[in-house]
Amino acid sequence: MKLSLGKYLLPTYVALTFAFLAIPIIYTFVFSFNDSIKSNIIWRGFTLDNWLDVCNQQEVCDAFGNSVIVAVSATVVATIMGTMIAIALVRYRFRFRSATNLLLFLPLATPEVVMGAGLAAQFLDFGWQKGLPTVIIAHTMFTLSFVVVTVKARVATLDPALEEAGRDLYANAAQVFWRITFPLLLPGILAAAMLAFALSFDDFIITQFNSGALDTFPKFVYTAAARGIPAEANVIGSFVFLVAIAIVLVVQIRSSRKQKKLITK
Amino acid sequence: MAFVALGPQAPVASQKPTKTGRVALYLLLPGLFYLGLFFLTPLFSLILTSLKAPSATGVIGRYDVALEIGNYGYALGQYAPQIFRSFSFALIATVIALAVSYPIAYFIGVTARNRPLLKGMLLTLVIAPFFISMLLRTFAWKQIFSNDSWLLNTLKDVGLMGADSYIIGTDFAVIFGLVYNFIPFMTLPIYASLDRLDLRLVEAGQDLYANSVTTFRKITFPLSLPGVISGTLLTFIPISGDYVVASRDFLGSTDTAMIGNVVEANFLRIQDYPTASALSVLLMAAIVILVSAYVRKSGTEDLL
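Computed from a prediction, not measured in an experiment: that's the story for all the values here. (Residues numbered from 1 in each chain as written. Chains lettered and ligands numbered in written order. Predicted model: local features only at pLDDT ≥ 70, side-chain atom pairs only at ≥ 80, totals over all residues. Heavy atoms only, no water.)

Draft legend 1. Expanded view of the overall build of chain A. The secondary structure content of chain A amounts to 11 helices and zero strands. Secondary structure elements of chain A occur, N-terminal to C-terminal, as α-α-α-α-α-α-α-α-α-α-α. Taken over the C-alpha trace, chain A has a radius of gyration of 23 Å; the compact-globule value for 265 residues is 18 Å, which it surpasses by more than 25%. Along the longest, intermediate and shortest principal axes, the C-alpha atoms of chain A span 70 × 70 × 40 Å. Out of the 265 residues belonging to chain A, those deemed buried represent 52%. Long-range contacts, defined here as pairs at least 24 residues apart, represent 70% of the contacts in chain A between residues at least 6 apart. On chain A, roughly 12,800 Å² of surface is accessible, and the fraction owed to carbon and sulfur atoms is 68%. Distance between charge centres in chain A, computed from 21 positive and 15 negative side chains, equals 15 Å. (Helix = DSSP H or I, 4+ residues; strand = E, 2+ residues; numbered from the N terminus. Rg over C-alpha atoms; globule rule 2.2 N^0.38 Å. Buried < 20%, exposed > 50% of the residue type's maximum accessible area, 1.4 Å probe, protein only. Contact = heavy atoms within 4.5 Å. Areas by Shrake-Rupley, 256 points an atom, 1.4 Å probe, with all protein chains shown as cover. Lys, Arg positive; Asp, Glu negative; His and termini not counted. Charge placed at Lys NZ, Arg CZ, Asp CG, Glu CD.)

Draft legend 2. Region of interest: the nonpolar core. If you look at the biggest cluster of nonpolar residues, it comprises 156 residues, and the most contacted ones within it are Met141 and Phe209 of chain A. Setting aside residues no more than four positions away along its own chain, Phe209 of chain A makes contact with Val113, Gly116, Ala117, Ala120 and Lys130 of chain A together with Tyr243, Val263, Glu264, Phe267 and Leu268 of chain B. (Core = buried A, V, L, I, M, F, W, Y, C linked by side-chain atoms within 4.5 Å.)

Draft legend 3. The state of the cysteines, seen in detail. Residues and elements named next belong to chain A. For the coordinates displayed, the defined rule picks out one disulfide over all chains. Each sulfur of the disulfide joining Cys55 and Cys61 lies 1.9 Å from the other. Linking Cys55 and Cys61, the disulfide has an S-S dihedral of approximately -80° and is accordingly described as left-handed. A residue is classified by how much of its surface remains accessible, and Cys55, at 40% relative accessible area, is partly exposed. (Disulfide = S-S within 2.5 Å.)

Draft legend 4. Representation of empty space enclosed by the protein within the structure. Counted according to the given criterion, the structure contains one cavity of 30 Å³ or more. In terms of lining residues, the largest cavity is bounded by Tyr27, Thr28, Phe31, Asn40, Ile229 and Asn234 of chain A together with Leu136, Phe139, Ala140 and Gln143 of chain B. Among the secondary structure elements, those contributing two or more residues to the lining of the largest cavity are α1 (2-31) of chain A together with α4 (134-145) of chain B. Among the elements that take part in the lining of the largest cavity, α4 of chain B stands out by supplying four residues, more than any other. Class assignment for the residues of the lining of the largest cavity results in six nonpolar, four polar and no charged. (1 Å grid on protein atoms, 1.4 Å probe; cavity = no way out; pocket = protein on both sides within 12 Å on 5 of 7 lines; lining within 4 Å. Points joined across faces, edges and corners; volume = space filled by probe spheres on them. Nonpolar A, V, L, I, M, F, W, Y, C, P; charged D, E, K, R; others polar.)

Draft legend 5. Just the confidence of the model for chain A, in detail. Summarising the model, chain A shows a mean pLDDT of 90, and 96% of its residues fall at 70 or more. Mean pLDDT per element in chain A: helix α11 (residues 231-264) of chain A is the minimum at 84, and helix α9 (residues 205-210) of chain A is the maximum at 97. (pLDDT = per-residue confidence, 0-100.)

The structure is reproduced here in structure tokens:
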């Protein structure tokens, strides 16, 4: 009896905790179909209207559009600069290595409110108007270190012999990079870009301090919370969730197949 | 912060950096310059602003450069309860999140180790909350716990809750919301450590007649310590500065305000930049002291 209890205790606990984690996600999804009038608090019946006409609430759509513009811009810039740093950290010897590591580590260990207020104070000192550019600058800053960490792990698994083989076959530095190094790093770079995009898209605190009048999706939700969040916001949240989960599932299934091959070998 | 490096991953080949030369400089310069300009100098702007005095012109929201150290005394005196609350909430939520997350991380990293598909699915479930806006999730809890919700009405009918008791706006609600939001941040780094745990060490312990409690205490847990350290930092630091969960539009009330709420109100609403900056500097200083104590144990290179 004791044995079987011990055997089922952990899986039961894990299943219950996952159910708990899913509650607000399911709630948001269900209430995206609510036939709500203004506030989306009480269940008033099923409708597809919110999904079919998301831009009925123009503000939600605009905020979502801004979030996408910010996330794409910040992701591109942070991924390029972060990948360069990651390659340098793993491959090159240079002075000030520990200072560099510290500078990269600090943004990960700084509360968002401090980074947000600091940047906003600097923009005030510079006399810069807050808006789309300042949000993109802020998001590039706080996602950069995450890109470095993610790509670095991939660079570290790269076998330098492959690049040496390329050089032995008279490939020049650019050819070695674009034909060998870059394709091998690509999964890591893509993972980093996805992470940067997700972090930027969901960021609220740093955005609130540096956006001025610009609305992003999380900022819209925060402001709307005082009077009740419209169902259209649930639609956008659920839609983003479904897209992200689909991408992750495809990646997971593909990599688990690869691992299974490795294990059975 | 090792959790971000999850994903499909071969064991890391330990290679020493070998190349030298100018290229390193060109690779590093843009990113480091960027962080210097938009991460490091803003911290100095924050210190500068925290010492400013109200402008001689008397215009609200304008301040002159000064050395007003009294701003710190004012911030500490005025907002001591919020500062204390931030760190005690962060500590309590971190401890609860650790207790909740460790078994999940163990199950994924050890029990499900040889079943890649199950493992992948479970990891997806852990990170699933990241894919839906944190604000929407927190707002969902607000509605679930709100006064006339199905849950509260049921609890009151059954007699588990008093007729005029409530949940939203209490310390419990805020800590609950914080724990919920940070379970994935705690689970992933611990999982990453346990995934690398060599099970032969545990078997060796059993062979030497250690019971399961002893093998856990002396082998499994110490070897997962890097993950526990990362996880607690990834939970404690953001919580100490969070102000969404504790906001009165979400799970909190004016009685649950944390440092973040005060910084937000002072900076963005009443434009008292010096007080907001002084509070931010104090928060940052407390975090730096805490993190350096941790880092001294584990080393920055490891944490990164």
